[in-house]
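# Results of the structural survey
These are the residues of each chain, in order.
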Amino acid sequence: WHSYTLGGRIQETFQQNFSQTLQILEKLGSKSLLLSHQFSYCHTFFSTLNAKSRTAPHSSPVNWRLRLYLPLLVPGNGKDCGIRVLGNTSNGNQNATIRYWHAGRAVLLDDSYPHEEWNDCPPGGAPLVLFIVDLWHPDVTPAERQELVDRFATPLEPE
């Protein structure tokens, strides 16, 4: 698990190995964009998906965050790795949006909608590597953010 925080605290190895990334995250935090790492379902981490694998469709338990995916390493031919997101249309039917990962091109989505990711490269191929950051949904007001922090933030684990 290549996570920015663990138990609500910034991991020392993350600080040592990803100092420039840490500076960016601190700027996001100072602008009140980065979702507090004291929530058990809000994360900032590196995610890898091996060749010939996919995640099962899943969704976030909350809709007050947006998830930023930044592809760092994308193997294959441009269509081997991607994400499919289900959404509802105005008539209640579900439609799907498919995006293919491209290194350095971020995708921002409300992950409370069901979604799945895949890496269809041949077995033994390179993994897909994403940097994932949870941000406050812009529709959540500062007062609502504070209310959510007061209700759901978990205490920091002892050092």
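In this report, we go over the structure that sits alongside the text. Position numbers for residues start from 1 in each chain and track the written sequence from start to end. Local features are withheld for residues below a pLDDT of 70 in this predicted model, meaning they are given only at 70 or higher, and side-chain atom pairs are given and counted only at 80 or more; totals for whole chains, interfaces and linings count all residues. To get the side-chain values, all heavy atoms of the structure are used, and hydrogens and water are removed first.

## With respect to the packing of aromatic side chains
Both the distance between ring centres and the angle between the ring planes are used here to describe each pair of aromatic rings. By convention, a stacked pair of Phe, Tyr or Trp rings (six-membered ring in the case of Trp) has centres within 6.5 Å and planes under 30 degrees apart, an edge-to-face pair has planes over 60 apart, and any other such pair is tilted. Taken as a whole, this structure holds eight aromatic pairs when the rule is applied. Aromatic pair Y69 and W101: ring centres 5.5 Å apart, planes at 40°, arrangement tilted. In this pair, Y69 sits in strand 6 (residues 65-73) while W101 sits in the loop between strand 8 (94-100) and strand 9 (107-109), placing the two residues 32 residues apart along the sequence. A single burial state applies to Y69 and to W101, both of which are buried. These aromatic residues form a ring-pair network of at least three members: Y4, F14, F18, F46 and F131. Only DSSP runs of H or I covering at least 4 residues are called helices, and only runs of E covering at least 2 are called strands; the numbering of each starts at the N terminus. Partly exposed residues are those whose accessible area sits between 20% and 50% of the maximum for their type, while under 20% is buried and over 50% is exposed, using a 1.4 Å probe and protein chains only.

## Brief notes about the sheet that holds strand 11 (residues 128-136)
Judged by pairing direction, the sheet is antiparallel, and its five strands sit side by side in the order 1-4-11-6-9 without closing on themselves. The two strands at the open ends of the sheet, each matched to only one other strand, are strand 1 (2-3) and strand 9. Sheet analysis places strand 4 (residues 44-49) next to strand 11, joined by six bridges and oriented antiparallel. If you follow F46 over to strand 11, its bridge partner there is F131. Between any two strands, at least two bridges found by DSSP are needed for them to pair.

## Description of the side chain of D111
Its location among the elements puts D111 in the loop between strand 9 and strand 10 (115-119). Judged by its relative accessible area of 2%, D111 falls in the buried class. The contact criterion used is simple: two residues touch if any of their non-hydrogen atoms lie within 4.5 Å. Not counting the four nearest positions on each side in its chain, D111 is found in contact with S59, S60, R65, R67 and Y69.

## A look at the pattern of salt bridges
Salt bridge, as used here, is a side-chain nitrogen of Lys or Arg placed within 4 Å of a carboxyl oxygen of Asp or Glu. Applying the stated criterion across every chain, the model contains eight salt bridges. Among the salt bridges present, the one from R54 reaches E116, with a minimum N-O distance of 3.8 Å. Residue R54 is found in strand 5 (residues 53-54), and its partner E116 is found in strand 10; the two are separated by 62 residues along the sequence. The exposure class assigned to E116 is buried, which follows from its relative accessible area of 10%. For the salt bridge of E147 with R151, the shortest nitrogen-to-oxygen distance reads 2.7 Å. Here E147 pairs with R151, and both are found in helix 3 (residues 142-152), just four residues apart, close to one helical turn. What makes E147 partly exposed here is its relative accessible area of 38%.

## Considerations on the nonpolar core
The biggest cluster of nonpolar side chains holds twelve residues, and these are F45, L49, Y69, C81, I83, V85, W101, V107, L109, L128, L130 and I132. Breaking this core down by element, the ones donating at least two residues are strand 4, strand 7 (81-88), strand 9 and strand 11. With residues near it in sequence (within four places) discarded, L49 still touches R54, T55, E117, W118, N119, P127 and L128. Only buried residues count toward a nonpolar core, which is a set of Ala, Val, Leu, Ile, Met, Phe, Trp, Tyr and Cys residues joined through side-chain atoms within 4.5 Å. In this structure, F14, F131, V133 and L135 belong to the second largest nonpolar core, which totals nine residues.

## Observations regarding the pairing of strand 10
Within strand 10, five of the five residues are buried, leaving the element largely enclosed by the surrounding structure. Covered by surrounding structure in strand 10 are H115, E117 and N119 together with E116 and W118, the residues of both alternating faces. Bridge analysis of strand 5 against strand 10 gives two bridges, and the strand direction is antiparallel. Note that in strand 10 the partner of S53 across the bridge is N119.

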